[in-house]
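Summary of the model geometry
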Amino acid sequence: MSGARPILALEAISKRFGGLSVIQDLSFEVMPGERVALIGPNGAGKTTAFNLVTGVYPVDAGRIRLDGADITRLPARKRIRAGLARTFQNIRLLPHLTVIENAMVSQYARNPSLAGMLQPVSLARENRWRREAREALGEAGLAQYAQEATGGLPYGIQKRIELVRALLARPRVLLLDEPAAGLNPAETEALAAQLEKISASGVTLLVVEHDMHFIGAFCRRVVVLNFGCKIADCDAEAVGDDPRVREAYLGTETDLEVAYAA
Amino acid sequence: MSGYLEGVLVLLAINVILAYAAFLPIVAGQLNLGIAGFMATGAYISAYLTNAHGWLPLPAALAATVLTAALGLVVAFPILRTRGIYLALATFAFGQVVVATILNLNVVGGASGYPVAAHLGFPVIAAIAVVVFAAIYWLFHTRFGLSVTAVSDDELVADQMGLSVRWLQTAAFTIGSAIAGLAGALQAHHFSYIEAQNFNVLLSIYVVLYVLLGGTQTIYGPLLGAAVFTLLPEVLRGSAQWRYVIFACLILALMTWRPQGVVTRSLLRRLFDWRRPAPEAAT
Amino acid sequence: MLAQQLVNGLMLGSVYALVAVAFTFTMGILKFLNFSIPGIFMIAGMFTWAMLKAGWSLPAVVVAVLALGAVLSWIVERFTWRRMRAGDHFIPLVSSMAFLILLENLVLVAWGSDQQRLVLPFQSASARVGDLVIGVPQLVGLALAVGVVWALDLVLRRTRIGRAVRSIAEDADTATLLGVSVGRVVPVVFVIGGVFTALAGVLFSLNYQQASPFMGEEVALKGISAMVIGGMGNIWGAILGGLVIGVVETAAIHWFGARAVDIWVYGLLLAILFVRPTGLLGGGLAGGRA
């Protein structure tokens, strides 16, 4: 981590929806291998920021750089191929595919060509892509669900499947939108362990979360948004002391303390 | 083999081919109500080649398939800018326009129909049906099959996961159109007479309905749908109209109680995984 | 000559307008393309012929056929909307297609595939306005079409059930939360559509003195084009679209012959879907209406 360039850089990003300015002049950097949390009150624009980075919609102004390369105008599908993957706040698994097939969808990003599209992934049981996906599910403790339909599965399981799906694109940067939301304490611990492993393998993590415990234990750095603007960018330990952050969470000290205690 | 039996089997083969022409776009989330228009295109182009230019029927069918694919590709660009019901309506409109255009082409008989001299027998047509099935089977089991299903389920996610959504939708539509054209060419050269009015929206509706009846979750559903649709009148001796009445009632029953079609993934699993008890899966 | 064509086109257009209103009504409120509508149109036309032939008086025929349209559409609702709303969105569409097939083939079984000629129990009178000949029954049809749509518009805007219908068009779930009994209102939507369609069928068969098992496919299906041209969900758009299609068809026949009609009518539909899918007057039953 010597004076390398940031693996992800947002430079003065702005976005309006109709008359409403949702993101204003947002800038921050993430260095390779870092674990950064993106926090803020509801409606602060965290998911919007993710959507801008992954290309769901275009920015109105500013630049986004992935390892130095300008991806501002790059179509979404090419961003994951370049190494930028994400999970969704409201789980978006594909209902007509089994769990393993859901996971396999993102493998194309590593081999985006006609040959890649014509890989016989469902023809032979022991196809390398299918095997790889099964191993990834196994590592995440989800091997027994491989052939299941996604619809009836518990929420926590679905979240983990989404994570495996994002990982199978072998991203350099992983954007996680509220990965711990709705998980019970045991599941949250398992998630933290899994994220540790992922981070140890060199993947940079940018996490939107509300669970300050989880963040405190896992992320070293915190970027705070409010009303689409960055109001703080500091160490996880220091963020609770920042007066603007306290004010953002409705100004009452109790709120932040409650969040820490949760 | 008796002429009558041969006729039924040829019809079955053609209906199977049509089934897969509709199946691929449906998997990609597209309801093609203009499939009869592509069938007509294939029929008339191939018939024109054999009648007016003395081509042999098989090369003519192939050429017609390629040209229909080209038409499908050209039409795909504007049509695939629409979605859902708009897409269904656009394909419906397109099918009507194609048929109406053919009706005005006196060079191929216009409204009086077009007799076709060259002939393709059952063995050839059956072989082609087998080839089409094998090709779609293979395609469905490649990443392409996985990807078009993903696109149909959630375009945003598919895009975010790196898939080229437009390319996939266009490919599914174009391949479907091509196969429909092939079916039309085969029909023209076996039944020796084609009439533009027969390639109407109701034909498209029949095809889509029997594919949905068979089930679109697996590659075998369309086969069953085509078989039921073709063999129903043989099983019930009644008139052609009663067959359609019963077919319509079957569809209504299906949509009420089993909208995913007869052949589903869980059904297949239950039938073939009897050795290993599968975990209880949602249908 | 041109003016006469225009008049003829408008008269034909009034039939398309009624069918288009039926389509646009279910489309706008329930987001559902009801393919059974051409079937009900055909049933109305065929039963008008059959009943007149059996000696019923015209008023009795009209009442009976409208009632039949209402009943049929109520049945369609039971089998399309009611059962299947929870499932995939294509289910009602597919079921409505099954109804079209069912109705057409039942009629084929009953009466064969020939086109039937209606014998009118009244003298078909024509009015003369300058050089123009206007059939009185057709004029009545046009007036009726505009009249019932105007009445429907009033109902939608001024009555409680109209408000309930509009709220469902806006958002069915919210409507339920606000106390609208969706299960009671939706059948009303279907029945209104069915009555409009049946009226169109009666008018068509009376005005053109013909009915066939295929008139649903051949005539009523063009109502879809009219609906989209006018703007899906917009009932005044449906009137406009219907008149446009009527004029386009008549002009096409006049200049290009009967075989070219579908090219123009459906070509126009295709063009609108590509260029301006919201139609001439924009969509939306709930908002942005005249």
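Residues numbered from 1 in each chain as written. Chains lettered and ligands numbered in written order. Predicted model: local features only at pLDDT ≥ 70, side-chain atom pairs only at ≥ 80, totals over all residues.

**A short note on the overall build of chain C**
Under the convention used in this document: Every helix listed is a DSSP run of H or I at least four residues long, and every strand listed is a run of E at least two residues long, numbered separately from the N terminus. Contact between residues is assigned whenever the C-beta positions, reconstructed from backbone atoms, fall within 7 Å.
In terms of regular secondary structure, chain C is built from 12 helices and four strands. Summarising the internal contacts of chain C: among those between residues at least 6 apart in sequence, 78% fall at separations of at least 24.

**Digging into the overall build of chain B**
Keep this limit in mind: Here the globule rule is a power law, 2.2 Å times the number of residues to the power 0.38, and the radius of gyration is based on C-alpha atoms. To assign burial, the other C-beta atoms lying within 10 Å of each residue's own C-beta are counted, with C-beta atoms placed from the backbone; 20 or more indicates buried, 12 or fewer indicates exposed, and intermediate counts indicate partly exposed.
Scanning chain B from N- to C-terminus turns up 12 helices and two strands. Sequence-ordered secondary structure for chain B, helices as α and strands as β, is α-α-α-α-β-α-α-α-α-β-α-α-α-α. Scaling as 2.2 N^0.38, a compact globule of 283 residues should have a C-alpha radius of gyration of about 19 Å, and chain B matches this with 19 Å. For the C-alpha atoms alone, the extent of chain B along its principal axes is close to 60 × 45 × 30 Å. Taken over 283 residues, chain B has a buried fraction of 55%. Once local pairs closer than 6 in sequence are excluded, the contacts in chain B between residues at least 24 apart make up 79%.

**Remarks on the confidence of the model for chain C**
Residue and element names in this part refer to chain C. Here is the rule we go by: As a per-residue measure, pLDDT reflects the predictor's confidence and takes values from 0 up to 100.
Residues at a pLDDT of 70 or more form 96% of chain C, whose mean pLDDT is 88. Confidence, read as mean pLDDT per element, is least for strand E2 (residues 126-129) in chain C (79) and greatest for helix H2 (residues 36-53) (96). Two numbers describe this predicted complex: its pTM, 0.91, and its ipTM, 0.90.

**Digging into the nonpolar core**
This is how the line gets drawn: The term nonpolar core refers to a group of buried residues, namely Ala, Val, Leu, Ile, Met, Phe, Trp, Tyr and Cys, whose C-beta atoms join them within 7 Å. Segmentation of the chain into domains, including their bounds, is taken from an automatic or database domain assignment.
Counting residues in hydrophobic clusters, the biggest one holds 285 residues, and the most contacted among them are Ile17, Ala19 and Leu209 of chain B together with Val19 and Val21 of chain C. The element that contributes the greatest number of residues to this core is helix H1 (residues 2-30) of chain C, accounting for 17 residues. Both domains that furnish three or more residues to this core are identified here as domain 1 (1-83 + 171-262) and domain 2 (93-170) of chain A. Filtering out sequence-adjacent residues up to four positions away, Leu209 of chain B remains in contact with Ile251 of chain B together with Val94, Met97 and Ala98 of chain C.

**So, the interface of chain B and chain A**
To keep things clear, this is the line we draw: Under the grouping applied here, Gly and all other residues not named as nonpolar or charged are polar, the nonpolar ones being Ala, Val, Leu, Ile, Met, Phe, Trp, Tyr, Cys and Pro and the charged ones Asp, Glu, Lys and Arg.
Counting from both sides, the interface comprises 22 residues of chain B and, opposite them, 32 residues of chain A. Elements supplying a minimum of two residues to the side of chain B that touches chain A: helix H6 (143-153) and helix H7 (155-160) of chain B. Ranked by residue count, the leading element in the side of chain B that touches chain A is H6 of chain B, at eight residues. Of the residues assigned to the side of chain B that touches chain A, the class counts are 10 nonpolar, eight polar and four charged.

**Comments concerning the arrangement of the chains**
In this assembly two pairs of chains touch, with chains B and C having more contacts than any other pair. If you take every C-alpha in chain A and every C-alpha in chain C, the smallest gap between them is 12 Å, and the two do not touch.

**So, the packing of helix H9 (residues 201-214) of chain B against helix H10 (residues 221-235) of chain B**
Helix packing for two helices is described by the angle between their axes and how far apart those axes are. All names here are of chain B. To be explicit about the condition: An axis is simply a line fitted to the C-alpha atoms; with a helix, the fit covers only the stretch in contact. Between two such axes, the angle follows the N-to-C directions and lies from 0 to 180 degrees. Comment on the angle field: the value is read as roughly parallel under 35 degrees, roughly antiparallel over 145, roughly perpendicular from 65 to 115, and oblique elsewhere. Crossing chirality is assigned from the near helix's rotation relative to the far helix, an anticlockwise turn below a right angle marking it left-handed and a clockwise turn marking it right-handed.
Here H9 crosses H10 at 120°, and the two axes come no closer than 7 Å. In terms of orientation, H9 lies oblique with respect to H10. At the point where H9 passes H10, the crossing takes the right-handed sense. The segment H9 lies against H10, with Tyr206, Tyr210, Val211, Leu213 and Gly214 engaging Gly221, Pro222, Leu223, Leu224, Gly225, Ala226, Val228 and Phe229. When its residues are assigned to classes, the contact of H9 with H10 shows 10 nonpolar, three polar and no charged.

**Structural notes on the sheet that holds strand E1 (residues 8-17) of chain A**
Residues and elements named next belong to chain A. Worth spelling out the cut-off: The pairing criterion for strands is at least two bridges between them, as found by DSSP.
Across the sheet, which stays open at both edges, the four strands sit in the order E2-E1-E4-E5 with antiparallel pairing between neighbours. With one partner strand each, in any of the chains shown, strand E2 (20-30) and strand E5 (69-70) form the two edges of the open sheet. Lying on the sheet, helix H1 (residues 46-54) is in contact with E1, E2 and strand E4 (61-66); it crosses E2 at an angle near 70°.

**A word on the pairing of E1 of chain A**
Residue and element names in this part refer to chain A. Sheet topology places E1 next to E2; seven bridges connect them, and they run antiparallel. Across the sheet, residue Ile13 finds its bridge partner in E2, namely Leu26. Linking E1 to E2, which pair antiparallel, is a turn of two residues; within it Gly18 sits at a positive phi near 65°. Bridge count between E1 and E4: five bridges; the pairing is antiparallel. Across the sheet, Ala9 pairs through a bridge with Arg65, a residue of E4.

**Details of the environment of Phe214 of chain C**
On the secondary structure map, Phe214 of chain C appears in the loop between strand E4 (210-211) and helix H9 (215-220). As for Phe214 of chain C and Ala44 of chain C, which are separated by 170 residues in sequence, their C-alpha atoms are 12 Å apart.

**As for the sheet that holds strand E9 (residues 221-226) of chain A**
Residues and elements named next belong to chain A. Ordered by their spatial adjacency, six strands build an open sheet running E6-E7-E8-E3-E9-E10, and the pairing between neighbours is mixed. Among the strands making up the open sheet, the edge pair consists of strand E6 (84-86) and strand E10 (229-235). Adjacent strand axes in the sheet meet at a mean angle of 20°, parallel and antiparallel pairs treated alike. Relative to strand E8 (residues 204-208), strand E3 (residues 35-39) is paired through four bridges, and the arrangement is parallel.

**Focus on the confidence of the model for chain B**
Residue and element names in this part refer to chain B. Residues of chain B with pLDDT of at least 70 account for 95%, and the chain-wide mean is 92. Within chain B, the lowest mean pLDDT, 84, falls on helix H12 (residues 265-272), and the highest, 97, falls on helix H8 (residues 165-191). Contacts of residues 276-283 to residues separated by more than four positions or lying in other chains number 12 contacts, the stretch itself having pLDDT below 50.

**Things to note about unusual backbone geometry**
Most peptide bonds take the trans configuration, and most residues that are not glycine carry a negative phi. The residue Phe227 of chain A is not glycine, and still its phi comes out positive at about 50°. Mapped onto the secondary structure, Phe227 of chain A falls in the loop between E9 and E10. For Phe227 of chain A, a count of 15 C-beta atoms within 10 Å corresponds to the partly exposed category. Even without glycine at this site, Lys31 of chain C takes up a positive phi of about 55°. Examined against the element boundaries, Lys31 of chain C turns out to sit in the loop between H1 and H2. Taking the number of C-beta atoms within 10 Å as the measure of exposure, Lys31 of chain C has 15 and is therefore partly exposed.

**Looking at the pairing of E2 of chain C**
All names here are of chain C. Bridge analysis of E2 against strand E3 (residues 132-135) gives four bridges, and the strand direction is antiparallel. The partner of Ser126 across the bridge, within E3, is Gly135. Counted between consecutive antiparallel strands, the loop separating E2 from E3 contains two residues, among which Gly130 sits at a positive phi close to 65°.

**So, helix H5 (residues 136-158) of chain C**
Counted only if it meets this: Helices are assigned an expected span. That span is 1.5 Å times one less than the residue count.
Its 23 residues place the ends of H5 of chain C 32 Å apart at the C-alpha level, agreeing with the 33 Å of an ideal helix rising 1.5 Å per residue. On its buried face, H5 of chain C is in contact with H1, E3, helix H6 (160-170), helix H8 (182-208) and helix H11 (235-256) of chain C.

**Observations regarding the environment of Val239 of chain A**
Residue and element names in this part refer to chain A. By the secondary structure assignment, Val239 is in the loop between E10 and helix H9 (243-248). As a C-alpha pair, Val239 and Ala180 span 59 residues in sequence and 20 Å in three-dimensional space. When sequence neighbours within four positions are dropped, the list of residues in contact with Val239 reads Val222, Val224, Ala232, Cys234 and Val245.

**Let's talk about helix H5 (residues 122-140) of chain B**
Since there are 3.6 residues in each turn of an α-helix, residues three or four apart along the chain are aligned in direction. Residues and elements named next belong to chain B. Note the following rule: Think of it as the arc spanned by the lines of direction from the helix axis to the C-beta atoms.
Helix length check: H5, at 19 residues, gives a terminal C-alpha distance of 26 Å against a target of 27 Å (1.5 Å per residue), a fit within 8%. All of the buried residues in H5 are Ile125, Ile128, Ala129, Val132, Ile136, Leu139 and Phe140. Here the buried residues of H5 occupy an arc of 105° about the axis, which is enough to place them on one side. What points out from H5, more than 90 degrees from its buried face, is the exposed set Pro123, Ala127, Val130, Val131 and Ala134. On the buried face of H5, the contacting elements are helix H1 (3-27), H6 and H8.

**Points about the environment of Leu273 of chain C**
Examined against the element boundaries, Leu273 of chain C turns out to sit in helix H12 (residues 261-275). Sequence separation between Leu273 of chain C and Gly135 of chain C is 138 residues; the distance between their C-alpha atoms is 34 Å. Sequence-distant contacts of Leu273 of chain C, that is, excluding residues within four places in its chain, are made with Thr82, Tyr86, Leu89, Ala90 and Ala93 of chain B together with Val228 of chain C.

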